[in-house]
Amino acid sequence: MPDIKQIQWFPGHMAKTRRLMKESLPDVDIVLELLDARIPYSSKNPEIKKIIGDKPIVTILNKASLADPKVTADWCRWYRANVNPCVTLDCLTGEGVTDLKNTVREVLADKIARYRDRGMEGRRLKAMIVGIPNVGKSSLINRLAGGKHAKVENRPGVTLTKQWVSTDIGLSLLDMPGVLWPKFDEKRVGENLAATGAIRDQILDVEEVAMILALRIAEVAPDLLAARYRLAPGEYEDLDAYDLTELIGKKRGFLMAGGAVNFRRTAETLLDEFRSGKIGRISLEKPKGAV
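Anyway, here's the lowdown on the structure attached to this text. (Residues numbered from 1 in each chain as written. Predicted model: local features only at pLDDT ≥ 70, side-chain atom pairs only at ≥ 80, totals over all residues. Heavy atoms only, no water.)

**Some remarks on the pattern of salt bridges**
Applicable threshold: One side-chain nitrogen of Lys or Arg within 4 Å of one carboxyl oxygen of Asp or Glu is enough to make a salt bridge. Elements are defined by DSSP. Helices are runs of H or I of four residues or more, strands are runs of E of two residues or more, and each kind is numbered from the N terminus. Partly exposed describes any residue whose relative accessible area lies between the buried limit of under 20% and the exposed limit of over 50%, with all areas from a 1.4 Å probe on protein chains only and scaled to the type maximum.
Tallied over the entire structure, the rule returns 15 salt bridges. A salt bridge links arginine 216 to glutamate 191; its shortest N-O distance comes to 2.9 Å. Of this pair, arginine 216 sits in helix 8 (residues 206-220) while glutamate 191 sits in helix 7 (residues 187-196), and the two are 25 residues apart along the sequence. You can call glutamate 191 buried: its relative accessible area is 10%. Note that arginine 252 and glutamate 273 form a salt bridge whose closest N and O atoms lie 3.0 Å from each other. Highlighted residues: arginine 252 in helix 10 (residues 241-252) and glutamate 273 in helix 11 (residues 263-275), separated in sequence by 21 residues. Residue arginine 252 is classed as partly exposed on the basis of its relative accessible area of 32%.

Below, the structure written as structure tokens:
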């Protein structure tokens with residue numbers, strides 16, 4: 001697998017999206033930044049703050065049903081104390097939609113009051129949704145709009161142009177293409193993005209991604225890993241990435257002629273079951289100071 005830190009993304013795509021954001025900022029009241037609740041640090045594009053400047057922003061920890069709820073609560077508290085308003089949300093279940101509506105109205109209370117004083121009470125507010133690929137922007141729009149208005153697929157890079165959508169909570173939403181920044185400064189960030197599906201599997205060695213993920217889950221959620229793949233105590237704790245993945249393949253019966261483990265099938269299964277939550281609710285990152 002190429003070093004994920006060194007993979008060069010499409011600078012023209014980032015430049016186009018940056019231009020779209022800057023051109024659209026005067027038309028919106030607030031920015032909604034979606035992060036993956038499993039990897040809030042790794043899924044935060046460092047370019048976003050530079051682009052939006054002083055525009056009000058709410059952080060949304062999306063895909064909450066896939067993340068450890070205690071860790072997600074820690075992240076929300078950390079954001080509220082150190083950065084900006086934060087809500088937990090899950091587009092599949094609808095969890096957090098009311099909190100999002102209330103938080104937006106709290107942040108924009110002064111603007112709403114000015115509208116009311118001018119006889120414009122009930123005027124629709126406008127929000128720009130930003131985030132990395134496959135973080136759930138289109139799914140959020142469809143959840144808030146009460147139907148399928150934005151194209152949704154479980155792969156990165158589906159939204160390619162900006163689009164406005166009206167919702168049932170008094171917001172008009174502007175969806176932006178998801179984009180990764182040109183270069184990752186930390187190897188772990190790239191690994192987390194690959195594990196959660198923000199980077200297309202087609203340009204990566206999925207077997208290596210899965211081996212990295214297997215070790216990470218063994219570190220942060222060993223009980224869930226053991227339960228899903230029927231690993232006995234003392235059977236897996238000291239294994240390296242290759243041996244642990246091989247053991248998982250054996251436990252699932254993914255064997256080829258001669259008894260060798262089918263690593264490709266094992267890797268694809270591990271990644272799919274992590275991404276879909278079948279292994280359990282797992283967070284790969286904790287905020288600083290959390291235990």
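**A word on the sheet that holds strand 6 (residues 171-175)**
Applicable threshold: Criterion used throughout: strands pair if DSSP finds at least two bridges between them. In this analysis, axes come from line fits to C-alpha atoms, helices being fitted only over the stretch in contact, and the angle between any two N-to-C directions falls in the range 0 to 180 degrees.
Reading across the sheet, the six strands line up as 3-2-1-4-6-5 and stay open at both edges, with mixed pairing between neighbours. Single-partner strands in this sheet number two, and they are strand 3 (86-88) and strand 5 (163-166). Neighbour-to-neighbour, the strand axes of the sheet open up by a mean angle of 25°, direction not taken into account. Pairing of strand 1 (residues 30-36) with strand 2 (residues 57-62), which is carried by six bridges, proceeds in the parallel orientation.

**Remarks on a positive patch on the surface**
The cut-off we apply is this: Patch membership requires more than 30% relative accessible area and the absence of a salt bridge. Residues of like charge join within 9 Å; the nonpolar side chains Val, Leu, Ile, Met, Phe, Trp and Tyr join within 5 Å. In this description, accessible areas are obtained by the Shrake-Rupley approach with a 1.4 Å probe, and a residue is regarded as covered only by the protein chains that are shown. In this charge count, Lys and Arg are treated as positive and Asp and Glu as negative; neither His nor the chain ends contribute. Charge coordinates come from a single atom per side chain, which is NZ of Lys, CZ of Arg, CG of Asp or CD of Glu.
Taken together, the side chains of Arg114, Arg118, Arg123 and Lys126 make up a positively charged region of the molecular surface. By the element assignment, arginine 118 lies in the loop between helix 5 (109-117) and strand 4 (125-130). By relative accessible area, arginine 118 is classed as exposed at 58%.

**As for the nonpolar core**
Our working definition: Buried Ala, Val, Leu, Ile, Met, Phe, Trp, Tyr and Cys residues that are joined via side-chain atoms within 4.5 Å together make up what is termed a nonpolar core. Note on contacts: a residue pair is in contact if any heavy atoms of the two residues lie within 4.5 Å.
Membership of the largest hydrophobic core comes to 60 residues, with the highest contact counts inside it found for Leu32, Ile60, Leu100, Leu140 and Leu193. It is helix 8 that contributes the most residues to this core, six residues altogether. Here leucine 140 is in contact with Leu34, Ile60, Leu89, Cys91, Leu100 and Ile129, once residues within four sequence places are set aside. Counting 13 residues, the second largest nonpolar core, distinct from the first, contains Met21, Ile48, Ile57 and Met128.

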